[in-house]
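Analysis of the macromolecular model
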Amino acid sequence: QVQLVESGGGLVQAGGSLKLSCTASGFTFSSYRMGWFRQAPGKEREFVATINRHYGSTNYADAVKGRFTISRDNAQNTVYLQMNALKPEDTAVYYCAATVGTASYLPSRYEYWGQGTQVTVSS
């Protein structure tokens, strides 16, 4: 059974930091590109960050570039999202996702999804 289990979400004040974790099971983690997406109330799910099967190859949405860092530990089947300098507009449900494909930015191209974790940033 494929599972992506997220943790680390919560309530934080503007300017603060959170680190999200997503631990995978049921598939060969090292063969999959991993991504983070988010969805705010009334808005479409949007791309946040992605990392390929190798360390160091990452892409970020312009809105989070310079503040968020995606990383992975293939030995632990875990992908992380370090979020610094958080803003109220970062408030959303954050989702971890996996794909065997090359698409980095489109939610429809990811095969496996976590259930999401709420991140709320207060002003």
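Residue positions are given per chain, counted from 1 along the sequence in the order it is written. Two thresholds apply to this predicted model, a pLDDT of at least 70 for residue-level local features and 80 or more for giving and counting side-chain atom pairs, whereas whole-chain, interface and lining totals are computed over all residues. Note: side-chain values were computed over all heavy atoms of the structure, leaving out hydrogens and water.

**Notes on the overall build of the protein**
Across its full length, the protein holds zero helices and eleven strands. When the helices and strands of the protein are listed from N to C terminus, the series reads β-β-β-β-β-β-β-β-β-β-β. For this measure, only C-alpha atoms enter the radius of gyration; the expected value for a globule follows 2.2 Å times N^0.38, where N is the number of residues. Radius of gyration (C-alpha) of the protein: 13 Å, near the 14 Å computed for a compact globule of 123 residues. Across its three principal directions, the C-alpha atoms of the protein cover 40 × 30 × 25 Å. Any residue under 20% of the maximum accessible area for its type is buried, any over 50% is exposed, and the rest in between are partly exposed; the area is computed with a 1.4 Å probe on protein chains only. Across the 123 residues that make up the protein, the buried fraction comes to 42%. Accessible areas in this description were obtained via Shrake-Rupley with a 1.4 Å probe; residue shielding takes into account the shown protein chains only. Carbon and sulfur atoms make up 46% of the accessible area of the protein, which totals about 6,300 Å². Of the side-chain charges in the protein, 11 are positive and 8 negative, and the distance between the mean point of each set is 4 Å. Runs of H or I in DSSP of at least four residues are treated as helices and runs of E of at least two as strands, each being numbered from the N terminus. The charge count treats Lys and Arg as positive and Asp and Glu as negative. His and the chain ends do not count. Taken as the charge centre is NZ of Lys, CZ of Arg, CG of Asp or CD of Glu, depending on the residue.

**Things to note about the side chain of Arg-72**
Structurally, the position occupied by Arg-72 is in strand β7 (residues 68-73). Comment: no salt bridge for buried Arg-72; closest opposite-charge side chain is Asp-73, at 8.3 Å. The definition of a polar contact used here is a pair of N or O atoms within 3.5 Å, where within protein one atom must be able to donate a hydrogen and the other to accept one, and adjacent residues in sequence count solely through side-chain atom pairs. Reaching out from Arg-72, the side chain makes a polar contact with the backbone oxygen of Phe-29 at a distance of 2.9 Å. For Arg-72, the side chain forms a polar contact with the side chain of Asn-74, separated by 2.7 Å. Should any heavy atoms of two residues lie within 4.5 Å, those residues are counted as being in contact. If we ignore the near neighbours within four places in the chain, the residues touching Arg-72 are Phe-29, Ser-30, Tyr-32, Arg-33, Met-34, Ile-51, Asn-52, Arg-53, Tyr-55, Thr-78 and Val-79. Should a side-chain nitrogen of Lys or Arg be within 4 Å of a carboxyl oxygen of Asp or Glu, the pair is scored as a salt bridge.

**A few points about the pairing of strand β5 (residues 46-51)**
The buried count for β5 comes to five of six residues, which makes it a mostly enclosed element. Here, any two strands with at least 2 DSSP bridges between them count as paired. Bridge count between strand β4 (residues 33-39) and β5: five bridges; the pairing is antiparallel. Considered in β5, the bridge of Met-34 is made with Ile-51. Taken together, β4 and the strand that follows it, β5, pair antiparallel across an intervening segment of six residues, in which Gly-42 is found at a positive phi of about 75 degrees. Across three bridges, the pairing between β5 and strand β6 (residues 58-60) is antiparallel. Residue pairing across strands places Ala-49 opposite Tyr-60, the latter belonging to β6. Counted along the chain from β5 to the antiparallel partner β6, the turn is six residues long, and its residue Gly-56 has a positive phi close to 100 degrees.

**Describing the pairing of strand β11 (residues 117-122)**
Here β11 shows one buried face, formed by Thr-117, Val-119 and Val-121, and one open face, formed by Gln-118, Thr-120 and Ser-122. Here strand β2 (residues 10-13) pairs with β11 via four bridges, running parallel. Its bridge partner being in β11, Leu-11 is matched across the sheet by Thr-120. As paired elements, strand β9 (residues 92-99) and β11 share three bridges and run antiparallel to each other. Bridged to Ala-92 within β11 is Val-119.

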